[in-house]
Amino acid sequence: MDRLLELQEIDSAADRLEARRRQLEVGDELRAARAAMEETEGRLGELRLALDAVAREQQRLEYEIDSMARKAQAEEKRLYDGSIVNAKELEALQHEIANLKERRGRTEDELLDQMLRREDLESRASGLEAEMAASRARVEEIGGDAVKELEEIDGQLAARRTARDALVPEVDEELLELYEDLRRQKKGIGAAALVDGVCSACHEKLSALELDRLKKTDGVKRCEYCRRIVIFT
Ligand SMILES: [Zn+2]
């Protein structure tokens, strides 16, 4: 009978540990948060690649515009410095200058497109960065010390199981069966100490008559109110 209280203590401790374990539920929740973070990270990575490409293209266009401008300037100088007198040659030069200016105009339009594209990508990237920070915070919040705590819980549960296995053979089989039944029916508590005539499970004070009867019986003693097994302490 005394061993039963020890068993109840072990079982209650194990129940609390199991409840905490379920509460942590690190598995699914953390996995989902990690997946969300990785997904955001992937999108951000793609966006940054696109931004790099746009930046390179912008640089290339700027260089091209600059070189066309310099070339047109040089040609214009040649046009007016009197170095060319041939009318056909002058006409060809004028043509080339006009051509350069037209190409430059088109390239400037392209540059403007790239700049708008870059702005759009940059604003999307900063949105994703904020999203990323939020997902990371979420992962840390859920993950945090949960993994460590889970390991501790598993260790403690294993220790309780070992202690339980050692104790069980010392308890009468029928008593054990009743105890397990009661545990299932009564929120995990099958056995309780009787302290000064009070059942420590339901906190009812047993009548003097019942206490007297229980003291005299050799069989299983049960609380007259909650019907749990009671043990005099
Ligand atoms: Zn009781």
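Rules behind the numbers
Residues numbered from 1 in each chain as written. Predicted model: local features only at pLDDT ≥ 70, side-chain atom pairs only at ≥ 80, totals over all residues. Heavy atoms only, no water. Donors = N, O, S within 2.8 Å, 3.2 Å for Na, K, Ca; no water. Tetrahedral: all angles 85-135°; square planar, octahedral: opposite > 155°, others 65-115°. Buried < 20%, exposed > 50% of the residue type's maximum accessible area, 1.4 Å probe, protein only. Helix = DSSP H or I, 4+ residues; strand = E, 2+ residues; numbered from the N terminus. Contact = heavy atoms within 4.5 Å. Arc of directions from axis to C-beta. Core = buried A, V, L, I, M, F, W, Y, C linked by side-chain atoms within 4.5 Å. Axes fitted to C-alpha atoms, helices over the stretch in contact; angles between N-to-C directions. Left-handed = near helix turned anticlockwise from the far one by under 90°. Nonpolar A, V, L, I, M, F, W, Y, C, P; charged D, E, K, R; others polar. Pairing = 2+ DSSP bridges.

Enquirer: So what's going on with the coordination of the zinc ion? Residues and values would help.
Expert: In an ideal tetrahedron of four donors about a metal, each angle is 109.5 degrees. In an ideal octahedron of six donors, the angles are 90 or 180 degrees. Protein-derived coordination of the zinc ion comes from Cys199 (SG), Cys202 (SG), Cys223 (SG) and Cys226 (SG), at a distance range of 2.3 Å. Around the zinc ion sit four donor atoms; with metal-centred angles ranging over 103 to 114°, the donor geometry is tetrahedral. Assessed through its relative accessible area of 0%, Cys199 is described here as buried. Judged by relative accessible area, which is 9%, Cys226 ranks as buried.

Enquirer: Before we move on, can you summarise the side chain of Glu210 with the specific residues and values?
Expert: Along the polypeptide, Glu210 turns up in helix H6 (residues 208-216). Residues within four places of Glu210 in sequence aside, it is in contact with Arg222 and Glu224.

Enquirer: Which residues make up H6, and what are the values?
Expert: Within H6, burial applies to Glu210, Leu211 and Leu214. Along H6, the residues classed as buried sweep out an arc of 100° about the axis, all on the same side. Relative to its buried face, H6 has exposed residues pointing more than 90 degrees away, namely Ala208, Leu209, Lys215 and Lys216. Packing partners of the buried residues in H6 comprise strand S1 (191-195) and strand S3 (229-232).

Enquirer: How would you summarise the nonpolar core if you had to cite specific residues and measurements?
Expert: The biggest cluster of nonpolar side chains holds 13 residues, and the ones touching the most others in it are Leu44, Leu47, Leu121, Ala125 and Val139. Ranked by residue count, the leading element in this core is helix H2 (residues 26-80), at seven residues. Apart from residues lying up to four places away in sequence, Leu44 is in contact with Ala125, Leu128, Glu129 and Met132. Listed in part, the 12 residues of the second largest apolar core include Val171, Leu182, Ala191 and Ile229.

Enquirer: Could you give an account of the environment of Leu93, with specific residues and numbers?
Expert: On the secondary structure map, Leu93 appears in helix H3 (residues 87-143). Among the residues examined, Leu93 registers a relative accessible area of 3% and is labelled buried. C-alpha of Leu93 to C-alpha of Asp15: the two residues are 78 residues apart in sequence and 94 Å apart in space. With residues up to four places along the chain from it excluded, the contact list for Leu93 reads Glu75, Arg78, Leu79 and Ile84.

Enquirer: Explain the packing of helix H1 (residues 2-24) against helix H5 (residues 173-185) to me, and be specific about the residues and the numbers.
Expert: Between H1 and H5, the least distance of the axes is 12 Å, while the angle of their chain directions is 35°. By crossing handedness, the relation of H1 to H5 is classed as right-handed. Across the interface between the two elements, Leu4, Leu7, Gln8, Asp11 and Asp15 of H1 pack against Leu175, Leu176, Tyr179 and Arg183 of H5. Residue classes in the contact of H1 with H5 are distributed as five nonpolar, one polar and three charged.

Enquirer: Any details on the sheet that holds S1? Residues and values, ideally.
Expert: With mixed pairing, the three strands of this open sheet are ordered in space as S2-S1-S3. Of all strands in the sheet, those bounded by a partner on one side alone are strand S2 (198-199) and S3. Pairing of S1 with S2, which is carried by two bridges, proceeds in the antiparallel orientation. Looking across to S2, one finds that Leu194 is bridged to Cys199. Packed onto the sheet, H1 meets S1 and S3 and runs at close to 115° relative to S1.

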